[in-house]
Every structure is written in structure tokens, then in C-alpha cells.
Protein chains: 2
Amino acid sequence: MAGDNDTALAQQGQAFQLKTPKGTRDWAGRDLLLRDHIFQTISAVFQRNGEIPLDTPVFELRDVLAGKYGEDSRLIYDLDDQGGERCSLRYDLTVPNVKHIKRYQIAKVYRRDQPAISRGRLREFYQCDFDIAGVYDPMVPDVEALRVIVEVFRALGMEITIKLNHRKILDGVFEAAGVPEDKIRLVSSAVDKLDKIAWADVKKEMVDEKGIAGEVADRIGEYVRLSGGIRDTIKVLRSDLGLCANAKVKAGLDDMDLLVSYLDAMDIVDTVSFDLSLARGLDYYSGLIYEMIPTTTSANQRGKSSQIQVGSIAAGGRYGGLVGMYGKHPIPCVGISFGVDRIFTLLDARRNKSPSELTHEVHVYIMSAGGKDGLLLERMAVARQLWDAGIRAEYTAKVKPKLQQQFNAFTGPLSIILGPDELAAGQVRLKVRAGDKEPRAQVQSKNSGGKEEVVEKDRGQLVSRDDLVEEVKRQLAALTLEQD
Amino acid sequence: MAGDNDTALAQQGQAFQLKTPKGTRDWAGRDLLLRDHIFQTISAVFQRNGEIPLDTPVFELRDVLAGKYGEDSRLIYDLDDQGGERCSLRYDLTVPNVKHIKRYQIAKVYRRDQPAISRGRLREFYQCDFDIAGVYDPMVPDVEALRVIVEVFRALGMEITIKLNHRKILDGVFEAAGVPEDKIRLVSSAVDKLDKIAWADVKKEMVDEKGIAGEVADRIGEYVRLSGGIRDTIKVLRSDLGLCANAKVKAGLDDMDLLVSYLDAMDIVDTVSFDLSLARGLDYYSGLIYEMIPTTTSANQRGKSSQIQVGSIAAGGRYGGLVGMYGKHPIPCVGISFGVDRIFTLLDARRNKSPSELTHEVHVYIMSAGGKDGLLLERMAVARQLWDAGIRAEYTAKVKPKLQQQFNAFTGPLSIILGPDELAAGQVRLKVRAGDKEPRAQVQSKNSGGKEEVVEKDRGQLVSRDDLVEEVKRQLAALTLEQD
């Protein structure tokens, strides 16, 4: 039953924008389908790798949140004091404080920040995190996390490069270059800008703003501009005996050797680029750190438009101590966040260029043409037949719908047209819509003498009722093949 | 990578119960898997029938909620006044106020009610609603809703009966029996108790508490105890010429005749029972009303335990005027709510009786036995091979795990055991766990002279590495076949 769903959605968007609170949005129709597709794809990969899903209440005891976010605490939404416990809305997704866990969570979080809808900054938005917590052998959870990331983007049909670095190597490089202990974090945050600004500007920031000596900055520059295949880059660093005398660099490189053998076993070594400029802003990382950058997407391969620049679409690394914040012992942890908004933006752009599964809510539209009645029972019976076969189908909920009405409601790739003559011969007509660019109404109706007349160029193929399900499935499969 | 996920989950349950706000709970592991399975199954059916998914913000402008829930407004959670708009948490799922829409929403709602965890009453819980709003031809949206309901429960593997009645017929029966206009709602709510208490008690309530004359109650009793197949029951009512003189009864029976022809076209007429005692408490229904009752479930067919009594697991009907509350015109609507908590309870009980897909987070556990090293790279390579084939697999994240450790972590139905001799011959051992009742450790380790020795009765089958994926898939398919 189609009705005017498209119009409804348009109205809906409007009506909702008027009534949702500032910085929040409704999700409906095709946006929600794509969002759910992303979430379900990610979940399926996580579960295949033994990650445990987790869902927590949307509000938490305020005591648990208090003191956790520093000055950002002003962005926390509090519930009103209506008696009982004091609670606040979830500010981010928290790793449960247990000894060993692989868990993931995809859920909304809440921040009373200034919203900027055009830039996608909302007060209610999704986060998607997964974590492997526990004391395990070196690099084993880390490589599993990397493998999961690769599988997620493969499942989403997105190509990525993993930019990877090791906190110990970076800190060792800074030490070896002569950066004073208390300035390592300052230097680190300057280096982290190398993907956006040139080395000369980064150096300027170090020297002018952070008080690093010019020659120290130059020595840093030699290393942090290194990047490339992980094996080659390890070799370059190992050949620098002065650098390798630094205990942190040595420990980091030993980790990297181990990692390479594991990446090989996981068959993902070519996805990784060892990039010494990657520093990740946050202080709490202690081992491997990485960012996932989209490379060519299928949209770019085929479309003429330039790639949407979204930066990293996932990031994470190893840290220790954070999980155990409320427990007795800090628990080492590998944690990754997926940038689900950015992933949505990229996949939405790709979808807009080529019609796909997620473009059409309904695949088959069943209509009646000719005859004195509207063939409602027959439309119902055909719909039922298709539903039983798992096919998405609809018809207009009118006893005698006008043909024009039915064509206007028709948005899917296939239509089945019932007529009394064809039905008498045990047949229906099946029409394939050529593409999204084709006008929706494929029929011109002339009102000659009050009676609706149909002008159709393509009357579609005649299909026997008995073969209908099979033929619809074949056509849908063919459309999908054409699309991918 | 398995670790101690089971222990973790146990700890987790405990840790979380300590820290979630009163009346809320965490969802994790197998409960969440089942919950998501239910939601995804329902969503897939809705989408197949052209329903548009909808997701709204968890908090709403307080003005929109105000005055909507009468004295229940005290149960609404308000957000604290931190400047800006006044907001409250979503109290229930609201149908968007548009002219035509088929929408569904599965989301959490919030009520500051007294929680009763043991009876499943929480302050944060899920609702699952779908609605068809708009002016359509009589009974067409109604029959589509009924068909969707049947398809949902079929997809969940649950058998149901639809108890159905028509508000107009019920009101007409009360009129014809001589109930004064102003007492119709009172009588109606008494009749609605007929599925729980005997007619004698219902009559007593009418006469003693609601001031209905005894002979009026007796006349009501003649009709409201009627129930059975929809065709037969229509026939019985049609044969009562006195009753059919009532305009409401006549209009309702005409609707029912139309409905029967549509139910036939949809092939669901046998699922429906016309039950004149069904009254549904709420005043706002104006046409068809129905409740879905679980009949035999597969758990009952196979298990010895008695059926869990949960009452109706979905309910709904036609109403008008509610949707348009904030618009200009009331919009007629068919609305159905699924009792997702009750559905969860039934499916969880069934799952506990027979191991199934949703019992095990991971299907295959890869371990090493014998040899000097722990064969980590080989375990990784096998895991990667299985993941690539879409199989859920794990291994212990230790370089040299103890065999006992690995068996303790093993919860899935299949294990793959790597040994140096087998690997040298291009083979692995594949073991099927006999059933959930079997002790988890299938191995006794004797510590003779500090070295771990394995006592295994069943050493599993030898499988070539090349055939491994195929054989695992075959075994998993066989297990599923045995389970269903």
C-alpha cells in the first residue's frame, strides 16, 4: 500500500524540523535505511569476531559522570530533580570496568554544545565504539582490532588505508632529537598537524610558539616525515643506529616486528602505512595508534565528482588506565571509534550516484490498469505472493485507484500491472524502470470524454502468474548486478 | 580472541546492576543478540510491506508533550533547566502528523513509574509501534496491518491467533441490549475482563457496580460470549434480525464481510477468531480492534514445561482523531503495538530449551594442542580464513595458551584444534560439541612432571585445511537443522 509516502516524507521532514529540540533531528525513510545498514554491517563483523554487544541506559547516575569530563562537564545534560536519584544523559560510551572484555556499542550520546547542523554537529548523535580490554600477549589484541577494522570497511564496500604509528617510537624520536621531557606533548600536538599543514609551518610553531630549538626541530623533521610500507619504514629506522639506541624506540620497533608477522597472518599488511607524523591528540594512548583514511571509494571510481574530504573515518589505539578509572587496577585496552557520521556521508554520496538496494524502500509496485473494477483482491493476492517470497512490494490502498495516481506513487524499480485480459490468460505485465533519471510517470493520461486513457510506450513483458515470483527475483538480481 | 568473556559478562551484570539508575538495565551478550534478532526480524517484515522506519530524538520539547497524558504526566522525565528550551524524555512513540504515512518505530521510552524488575516493569523500556495513517478505502489498511502482524510472527517462528472484534458491532450490541448511552464505556470495560474472569462475575460487576439491569446484562451475555471463525460468527449475527436492525451492528457487519474477502486474498482468514468479548480498554478505537495471542510455540511442542502465560503479544486497531491532535484535521489511522518484552520472554524460554543460532556468540573456537609453541600465527590464519567466509570464530589472545585455558574459554558448538603433526600434514582436527549439557572442559589435564598432558576421549575428525571452511559450514548447517 503506497499512498503518498514520498510526499509524506517531505512533509515529515518539514513538520519535524519545526518541532524537534535544537540540535536534534529525526531519521526517516532512506536516511534511516542507510544508517541501519551501516550499523548492521558493522555489528555483523563485530559479532563474527566474538565482540559482545552492549546497550546501556540513556541516562546514568550523575555521580558516575561527575569529574570525568573536566571543563566539558558543562555540556552534560542533567535530568531535572524530580525526587530519587540524580541522573544525566550519557555523554559518551563507556567501557565496562571488567577484567577481560570485547565489547561494542552503537548508541546515541548527548552534548549541550552549540549545534551546527550544516557541519553535522548535533546535540544528539551516534557513537560507535569497540574495545578489547584485558591483559593479553603483546600486539595480539591490536592486530585483531586492525583486522576487524579492515573487515568492517570491506563489508561496507569502502577502501581504506590504515595510517599507523607507535606512541613509544614517537616519544623515543622526540627524546633522541633532544626535546625536553616536559615539552614532548606540545611537540606531539604540533607534529599531529602534518596531515593538514606543511612541515615549515609545523617547525615554525615548534620554534616560535613552543620554544623548541631549531636544530632539534630539524632532527624531528627528518623522522616524522617518514611514511610508507611498514616493513620498509621499520628497515629505515633500524638502520639509524643512533636512534635505535633509545630504549623507547627499540621497544617500539620490537613491537612493530611482532606486528608485521601478525599482520601477515591476518593478510592485511598491505593496508597499513607506517606514518611517523601520526600523533593523535589525546594523551592517554600508550602503544599503537592509528587512523583509517578512505582511499578511492567506488563512487570516485565511477563518478565524475571529486572525492568528499572527510578526514579519518575511524581511529583508535592502545591505552591503559582509563578503563580502571573506577576500579582498583588500570586495565590495558585497545579502543576504536568509528566515525559513523562521516561513513554515512560517504555512502550517501555513493548511493546518490548509483541506484542501489538502499535507494528504494519498496522494489515492486502492483497496479491495475483497464477493466471496470480496480482488481483490488488480485493486487492483494499478488502482493501476498511476493511478500511470501521475501520481496518488498506495495499497492495503492484504494478499491478503484486511478492509473495516474498509481504511477505517481510508483518509486521502485519494478512494476506489475494487472489487467482483466491478462489475468484471464493467467498472466500479468512486468515493467522495469530504466533508471532514476526517468520521469516517474511513465504514462500520460488523456481525459477524453471523462474516461482515463493510457498512453504507454513500453507495455512491459507478459509473465505467467506461476513464473512471476521467479521472474521478479531474476529482474531484481539483474538490477543489483548492474549496480555493483 | 576469547578471553574470559563469560566471566566478564557475569561480572558485567553485577557491576552494572550496581551502577545503572533505578528501573533501568544494561543489555549485553546473548540477551542483546536475541533482542536485536527480534527487532531486525520485525523491521525486515515492515520494510517488505513498505513501512517507513522512523527514529526521533530521545527528548522532545516539553510543550509538545504537555497535556497529552493527563494525570500520567507526573511520570514524565524532565530535563533540567540549563538554559534554552525546556525538554522532556520521550514518554511514548508518536505518530507523525502527516496526511498519509506508513511508519514504524522501535525505540526506548521513559516513565518515572515505580519499577518492578521481577515483573519486567522498568523506567526505560522498548516500544515497537507501526501505523498506517490516511484516508483509504474501508478495511484495506486494516487487512494489510493484519497481514503484517501474521508475517512478523511467522518470521519469528511463533504461532498466533488473532482475536478480533469491531467497535461498531460491540457498541451496537450494547445499544440493542438496552444499555444507556452514558454507560456503554462502563459496560465495555467490564466485558473486556471476560478473558480473565467468568461471565457470572462480569455480570455481577455490571449489575452491582455499574447499575445495569439484570435482563440487559443477560442480553449482553448472549452476544459477548460468541466467538469462533469469522464467517460462522458473522452468519450467527446476521441470522439475528432484531440485532441487525441496529444501524451500528449493520455497518459493522458490512465491514466484516468486506474484511473476509480481503482476509481470503491475503490467505490469513484462518488465523482470525471473531471474539465479541474483545473490547480493548481504550476509548479511542472506532473500528476493528484485535489482540494477538500466542498459541502453541515450538518450545511447547517439544518441551515438557508448560506454556508461559504472557497474554497478548501484540494489539491494535483503527482509531481516528488522535493523530491530528496538533494538526487541523483528525487523520484516520490503524495502529499496532508489539509487546516486545513478552515476545522476548517467550523466545528466550524457547532458546533456553534448544540451542540455536542465538545461543552462541561465536560458533568456532580455534585452539592449539601439543607442540612447543602455541601456533599463534596458524590460529590467526585459520581465524582469518573463517572470518572471510562469514563464520564467527575466535582464539585465545595468548602466544602460548594452556590447553585447559582454551577449553574453559570454549563455549561455541565447534572447535578446531591445531597440532604440529596435523599441520605438517595439511590438516586440523574438528570437534563438535555434543550439546549444551556436556561439561565445558572436555579435557582433563594431568600435571605429571610439570608438563600438561591431555586426556581426550573424542579427538574429533581430521579435516584438510583446504576443505576446512566447507566442512565447518556443513557442520554448522547440520547443527542448525537439528535445532529447528
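Quick caveat: nothing in here was measured; it's all calculated off a predicted structure. (Residues numbered from 1 in each chain as written. Chains lettered and ligands numbered in written order. Predicted model: local features only at pLDDT ≥ 70, side-chain atom pairs only at ≥ 80, totals over all residues. Heavy atoms only, no water.)

**Comments concerning the overall build of chain A**
Phase 1 of the analysis: For chain A, the helix and strand inventory stands at 17 helices and 19 strands.
Phase 2 of the analysis: In chain A, buried positions account for 55% of the 484 residues.
Phase 3 of the analysis: Sequence-distant contacts in chain A: of pairs separated by 6 or more residues, those separated by 24 or more amount to 70%.
Phase 4 of the analysis: A total of about 20600 Å² of accessible surface is found on chain A, and carbon and sulfur atoms cover 50% of it. (Helix = DSSP H or I, 4+ residues; strand = E, 2+ residues; numbered from the N terminus. Buried < 20%, exposed > 50% of the residue type's maximum accessible area, 1.4 Å probe, protein only. Contact = heavy atoms within 4.5 Å. Areas by Shrake-Rupley, 256 points an atom, 1.4 Å probe, with all protein chains shown as cover.)

**Re the relation of the copies chain B and chain A**
Phase 1 of the analysis: Between chain B and chain A, which share one sequence, the superposing operator has a rotation angle of 180 degrees and an axial displacement of 0.0 Å; the RMSD is 0.1 Å. Classification of the inter-copy transformation places it as that of a two-fold axis.
Phase 2 of the analysis: When you check the interface residues of chain B against chain A, 100% turn up at the interface there too, and the contact is symmetric in its surfaces. (Least-squares fit on C-alpha atoms with pLDDT ≥ 70 in both.)

**Quick word on the sheet that holds strand 6 (residues 124–133) of chain A**
Phase 1 of the analysis: The 10 strands lie next to each other as 8(A)-9(A)-7(A)-10(A)-11(A)-12(A)-6(A)-5(A)-2(A)-1(B), forming an open sheet whose pairing is mixed. Each of the sheet's edge strands pairs with one partner strand only, and the pair in question is strand 8 (227–229) of chain A together with strand 1 (27–28) of chain B.
Phase 2 of the analysis: As judged from the five bridges shared by strand 10 (residues 285–294) of chain A and strand 11 (residues 314–319) of chain A, these two strands associate in the antiparallel manner. Across the sheet, residue E291 of chain A finds its bridge partner in strand 11 of chain A, namely A315 of chain A.
Phase 3 of the analysis: Sitting on the sheet, helix 5 (residues 167–177) of chain A touches strand 7 (160–166), strand 9 (272–275) and strand 10 of chain A, and the angle it makes with strand 7 of chain A is about 55 degrees.
Phase 4 of the analysis: Sitting on the sheet, helix 11 (residues 247–265) of chain A touches strand 7, strand 9 and strand 10 of chain A, and the angle it makes with strand 7 of chain A is about 150 degrees. (Pairing = 2+ DSSP bridges. Axes fitted to C-alpha atoms, helices over the stretch in contact; angles between N-to-C directions.)

**A short note on the pattern of salt bridges**
Residue and element names in this part refer to chain B.
Phase 1 of the analysis: One pass over the structure, following the stated rule, counts 66 salt bridges over all chains.
Phase 2 of the analysis: As a salt-bridge pair, R185 and D171 come within 3.7 Å of each other at their nearest N and O atoms. Taken together, the residues R185 in helix 6 (residues 184–191) and D171 in helix 5 (residues 167–177) connect sequence positions 14 residues apart.
Phase 3 of the analysis: The exposure class of R185 is partly exposed, given its relative accessible area of 33%.
Phase 4 of the analysis: The exposure class assigned to D171 is buried, which follows from its relative accessible area of 10%.
Phase 5 of the analysis: When the shortest N-O distance is used, the salt bridge between E291 and R280 registers 3.4 Å. Here E291, found in strand 10 (residues 285–297), pairs with R280, found in the loop between strand 9 (272–275) and strand 10; they are 11 residues apart in sequence, far enough to count as distant. (Salt bridge = Lys/Arg side-chain N within 4 Å of Asp/Glu carboxyl O.)

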